[in-house]
Every structure is written in C-alpha cells, then in structure tokens.
Amino acid sequence: MRYATKLAVRHLLSSPGQSALLAVGVALGVTVFIFMSALIGGLATLLTQRTVGSIPHITIEMRDRDPRVLPVPGTQQTVVQKDLSRREQIAVWQPFVPVIEQTQGVTGVSPQIRGSAFIERGQAVAPVGVTGVTPGKPSVIADIEAALVSGEAQLPADGILIGRTLAEELGVRVGQVLRVVSDRGRERSFRIGGIFALGIASADRQAVYMNFTAARALFDLPTGVSRIEVKVEPVNDAPAIAETLRRATGLKVTPWTQENAQLFDALDAQGRTGTIIKVFALITIIVGISSAMLLSIVRRRAEIGILRAMGASKGLVTTVFVLEGTLIGATGAIGGALLAWAALAPFPPVSEVAQGGLPIDTGQGQFLLAVLLTTGAAALASILPARRAAGIDPVEAIGQ
C-alpha cells in the first residue's frame with residue numbers, strides 16, 4: 001500500500017496542471033453541495049420561524065362531545081344535541097399545567113381565555129379575536145414584546161394590546177380608550193397599552209390581547225380556560241410530544257403539523273428538491289473524475305505496460321489508480337469545504353435575515369458529510385478506470 005501510494009502521488013505530480021484542474025472541479029461541486037445544504041436548511045428554518053414561530057406548536061382543548069342517545073323504546077333513535085350556547089372550556093385546568101411543563105421538549109405553557117368580540121370607537125366597529133393571557137407573560141407563544149412598535153407589553157386589568165393594522169384602521173394610538181363588546185353581550189372599556197406587528201395579516205388586523213382576569217369576566221368564564229397553548233423545541237417533535245400530552249391529560253391535543261399540513265408538505269418537498277440537487281452535484285463529480293482517469297490511462301499506456309512488465313500485479317495497478325482518484329477527491333473536497341466556509345461566513349444568522357435576503361444557515365451546510373461523500377464517490381469513480389488499466393497487456397502497451 002505504501003508503494004502504491006508513492007506511485008499514485010508521483011503520477012499526480014507529474015501532471016500538476018491536470019491534477020489541479022480536477023481538484024478545482026471537485027471543489028466547485030462540493031461548494032455547490034454545501035451551499036445548497038445551507039440554503040435549503042436556512043429556508044426551512046426561516047419559514048418555520050416566521051410561520052410556526054408565532055403560533056402554538058400544540059393546542060390542548062376539551063374533548064368534543066358526541067350527541068347523547070336517549071334510551072327511547074321503538075325503532076327510532078332520539079339524541080340530545082350539544083348545547084351550542086355553552087362555551088367549551090377546560091373546567092379543571094390547574095393540575096395539568098405542571099404536568100405539561102415537566103414534559104420533555106416543552107418550552108412554554110400558556111393557559112388562555114379566548115373568544116370573539118367587537119371593538120367600538122365612535123361609529124367604527126371591528127370584529128376581533130380576544131386572547132386573555134397571564135399578566136407578565138404575553139410572549140410565551142407569540143413574541144409580542146419583540147413585535148411591539150409602540151407602547152409596552154404590560155397588561156393591567158384595564159389594558160389591551162392590539163395589532164398595527166387594526167390600530168391604523170381605527171385611527172387609534174397608545175393611550176386611547178376603546179370599548180370591547182364580547183359575544184356574550186358583556187362590554188367594557190380598555191386603554192391601549194401597546195401596538196404590535198407580528199407580520200401575520202390576520203393577527204395584526206384581528207388579534208387583541210388582554211389580562212387573563214379581565215378576559216374571564218368579559219367572556220363569563222368564572223373558573224375554566226378555553227385552551228392551553230404549548231411551545232416545544234424542536235418544533236418537528238410536536239406530534240410525538242402531543243401524543244405524550246394526550247395520554248397524560250386525556251384532553252384533545254392537536255400539534256401544529258395537523259393544522260398546517262400544507263406547510264409541512266412544502267418543507268418536505270423543499271428538502272427533497274435540495275437532496276436531488278446535491279445528488280446531481282455528486283454525479284457530476286463522479287463523471288468528471290471517471291472521464292479524466294480514463295484519459296489519463298490512455299495517455300499512460302506505455303508506463304502501465306512497463307510497470308506490468310517489471311512484475312507489478314494487476315492488484316497493484318488497480319490500487320494505484322484508485323488511490324489517485326481518491327486523493328483528487330479528498331483534496332478537492334477539503335478545498336471545496338474551505339471555499340464554501342469562506343463564502344458563507346459573511347451571511348448573517350437566519351434570525352437576522354432582512355426582508356428579501358438569502359437565509360443561509362451555515363450550521364446546516366453538512367461540511368463533513370460533503371467531504372466524506374465526495375471522497376467516497378471519487379474512490380468509486382476510479383474503480384472502473386483502474387480495472388481497465390490493470391487489464392492492459394504489457395507487450396501491446398510497450399510495443400505501441
């Protein structure tokens with residue numbers, strides 16, 4: 001093996017221009033591989049942050065009740081329809097909170113009072129969805145504090161937070177008073193404590209956050225909560241964590257993947273597209289190295305013939321040319337990884353990408369995988385040319 005390695009290195013150094021050109025071709029292929037990995041991974045992270053980042057990863061609600069069948073004699077069945085005037089709620093919710101918080105992967109828990117209402121300001125009326133949250137914790141699910149454009153995220157008993165689009169439509173600002181009328185007919189005046197912009201059209205136009213206690217009175221829920229929203233990390237583990245919570249609580253538990261199946265499918269399709277591009281990059285490397293090795297063998301037929309005439313076995317010749325291809329692949333792969341690292345270094349983290357910028361996630365560049373796959377692909381690409389070199393008849397080669 002030592003002798004074969006020495007011969008392989010000498011062969012490569014005897015044609016430095018050709019060897020360098022091959023290594024550069026491999027390096028470019030590896031750079032494309034790493035760049036696409038970082039770009040596809042960054043896109044997935046950005047989409048997840050900007051869509052899943054502001055919604056609950058798991059929603060826990062009271063189980064739906066099926067209509068109750070009355071035991072009436074005869075052939076007909078009589079059922080009692082669900083009372084639509086009753087608001088669905090988790091009546092006893094406090095014991096579930098510590099259970100949820102202690103579940104592995106859970107990063108945030110937010111019991112909420114939710115309901116529909118109208119905001120009135122003079123002649124202007126706007127339908128809104130009200131969310132009552134624990135004071136001091138408005139950002140457990142959506143990062144309201146980071147999204148504030150004016151005011152503060154404090155939620156006193158008479159304060160509310162509204163979206164920027166809603167504020168513009170009503171022509172209001174922080175400090176002004178609005179009247180909120182719930183779907184239960186209760187009404188109360190609130191002072192605008194802050195205005196936020198989450199970047200989600202529906203939330204910025206219709207979402208209103210208020211104090212947990214104020215929402216309880218507004219929607220006539222003296223004890224229970226409407227739902228419990230949960231944040232998890234990583235977000236792709238939400239279905240498994242949801243199943244764990246379902247068994248632990250016995251409630252209706254819904255992961256974000258179930259309600260956002262189209263987004264999940266889009267991310268999956270995006271990942272497959274990236275894989276196809278990377279496979280083509282590897283195929284290009286294999287074809288390039290294999291073609292160059294075949295041309296090199298034709299040019300060195302006489303050298304190979306002399307080597308065989310001096311007693312070199314077919315196995316030694318095969319090893320020499322496989323090592324040549326492997327060395328080219330390894331050198332190009334390492335050079336390509338360094339080039340990709342230098343090219344990706346100036347890009348900011350995905351969380352800081354400006355609107356319209358490229359979401360490059362260097363951490364998902366798969367540098368080591370690219371080097372290993374390229375080196376292995378180069379070795380495989382060299383096998384066929386190496387076997388062809390080993391099959392050269394020394395008498396014919398020298399005679400030519």
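Residues numbered from 1 in each chain as written. Predicted model: local features only at pLDDT ≥ 70, side-chain atom pairs only at ≥ 80, totals over all residues. Heavy atoms only, no water.

## Thoughts on the overall build of the chain
The criterion, for reference: Secondary structure counts use DSSP, requiring at least four H or I residues in a row for a helix and at least two E residues in a row for a strand, with both numbered from the N terminus. Only protein chains enter the accessibility calculation, which uses a 1.4 Å probe; a residue whose area is less than 20% of its type maximum is buried, one above 50% is exposed, and one in between is partly exposed. Only the protein chains shown count as cover for residues, with accessible areas throughout obtained via the Shrake-Rupley method and a probe of 1.4 Å.
Summing up its helical and strand segments, the chain has 14 helices and 12 strands in all. Counting only residues that meet the buried cut, the chain has 43% of its 400 residues in that class. Carbon and sulfur atoms make up 58% of the accessible area of the chain, which totals about 21000 Å².

## Some details on a nonpolar patch on the surface
Note the threshold: In this analysis, a patch consists of residues with relative accessible area above 30% that form no salt bridge, clustered at 9 Å for like charges and at 5 Å for the nonpolar side chains Val, Leu, Ile, Met, Phe, Trp and Tyr. Salt-bridge detection follows one rule: a side-chain nitrogen of Lys or Arg within 4 Å of a carboxyl oxygen of Asp or Glu.
A grouping of I276, V279, F280, I283 and V287 is seen on the molecular surface, where their side chains present a nonpolar patch of about 450 Å² in accessible area. Looking at the secondary structure, you find V279 in helix α10 (residues 261-299). Here V279 falls in the partly exposed class, since its relative accessible area comes to 41%.

## Some details on the pattern of salt bridges
The tally for this structure, following the rule as stated, stands at 7 salt bridges. Note that E229 and R227 form a salt bridge whose closest N and O atoms lie 3.5 Å from each other. What you see here is one network of salt bridges that share partners, running through R114, R227 and E229.

## Some thoughts on the environment of E187
Worth spelling out the cut-off: Should any heavy atoms of two residues lie within 4.5 Å, those residues are considered in contact. Polar contact criterion, stated in full: a pair of N or O atoms within 3.5 Å, where within protein one must be able to donate a hydrogen and the other to accept it, and residues adjacent in sequence count only if both atoms are side-chain atoms.
The residue E187 is located in strand β9 (residues 187-196) in this model. On the accessibility criterion, E187 (47% relative accessible area) is partly exposed. Measuring from C-alpha to C-alpha, the distance between E187 and I119 comes to 9.6 Å, with 68 residues separating the pair along the chain. Beyond its immediate sequence surroundings of up to four residues, E187 is in contact with R179, V180, V181 and L218. Only 2.9 Å separates the side chain of E187 from the side chain of R179, close enough to count as a polar contact.

## A closer look at the pairing of strand β11 (residues 227-232)
Inclusion rule: Each pair of strands is called paired provided DSSP finds at least two bridges between the two strands.
Counting buried positions along β11 yields 6 of 6 residues, so the element is predominantly enclosed. The alternating pattern of β11 places R227, E229 and K231 on one face and I228, V230 and V232 on the opposite face, and all of these are buried. Bridging between strand β4 (residues 106-121) and β11 involves 6 bridges; their strand directions are antiparallel. If you follow V109 over to β11, its bridge partner there is V230.

## Some details on the side chain of N211
Among the structural elements, N211 can be located in strand β10 (residues 207-211). A distance of 2.8 Å separates a polar side-chain atom of N211 from the backbone nitrogen of T213.

## Thoughts on helix α8 (residues 238-249)
Quick note on the threshold: A helix's residues, less one, multiplied by 1.5 Å, set its expected span. By definition, the arc is the one covered by directions from the helix axis to the C-beta atoms.
Given a rise of 1.5 Å per residue, 12 residues ought to cover 16 Å, and the 16 Å separating the end C-alpha atoms of α8 matches this to within 8%. Of the residues making up α8, those classed as buried are A238, I241, A242, L245 and T249. What you see down the axis of α8 is that its buried residues fit within an arc of 105°, all on one side. Residues A240 and R247 are exposed on α8 and point more than 90 degrees away from its buried face. Looking at the buried positions of α8, the neighbouring elements they touch are β1 (58-61), α3 (96-101), β4, β11, β12 (252-255) and α9 (256-259). Positive phi shows up at G250, right after α8, with a value of about 75°.

## Considerations on the packing of aromatic side chains
Condition: Two rings belonging to Phe, Tyr or Trp (six-membered ring only in the last case) form a pair when the distance between their centres is within 6.5 Å. Interplanar angles under 30 degrees mark stacking, angles over 60 mark edge-to-face geometry, and anything in between is tilted.
With the rule as written, the count across this model stands at 2 aromatic pairs. Between W93 and F212 the ring centres are 6.0 Å apart and the planes differ by 55°, which places this aromatic pair in the tilted class. Of the two residues, W93 is situated in the loop between β3 (78-80) and α3 and F212 in helix α7 (residues 212-218); the sequence distance between them amounts to 119 residues. Here the two residues W93 and F212 agree in accessibility, since each one is buried. Centroid distance F196 to Y209: 5.8 Å. Interplanar angle 70°. Geometry classified as edge-to-face. A residue pair is termed long-range when its members are at least 10 positions apart, and F196 in strand β9 and Y209 in strand β10 qualify at 13 residues. You can call F196 buried: its relative accessible area is 0%.

## Quick word on the layout of surface pockets
Rules: Using a grid of 1 Å spacing that covers the protein atoms alone, one calls a set of points a cavity when a 1.4 Å probe fits there but cannot get out, and a pocket when the set is open and has protein on both sides within 12 Å along at least five of seven lines; lining residues are those with an atom within 4 Å of a point. Grid points are joined across faces, edges and corners, and a volume is the space filled by probe spheres set on the points. Amino acids outside the nonpolar list (Ala, Val, Leu, Ile, Met, Phe, Trp, Tyr, Cys, Pro) and the charged list (Asp, Glu, Lys, Arg) are all regarded as polar, and Gly is one of them.
Of the pockets and cavities examined, the largest pocket occupies roughly 590 Å³. Of all the secondary structure elements, the ones that give two or more residues to the lining of the largest pocket are β4, β5 (124-133), α6 (201-206), β10, β11 and α9. Classifying every residue of the lining of the largest pocket by side-chain character gives 16 nonpolar, 11 polar and 5 charged.

## Things to note about the nonpolar core
Formally: Each nonpolar core is a collection of buried residues, namely Ala, Val, Leu, Ile, Met, Phe, Trp, Tyr and Cys, held together in the definition by side-chain atoms within 4.5 Å.
With 47 residues, the main nonpolar core has I58, I60, I100, I162 and I228 as its most contacted residues. Here this core takes 5 residues from β4, the largest share from any one element. Grouped together as the second largest cluster of nonpolar side chains are 26 residues, L22, I34, A340 and A381 included.

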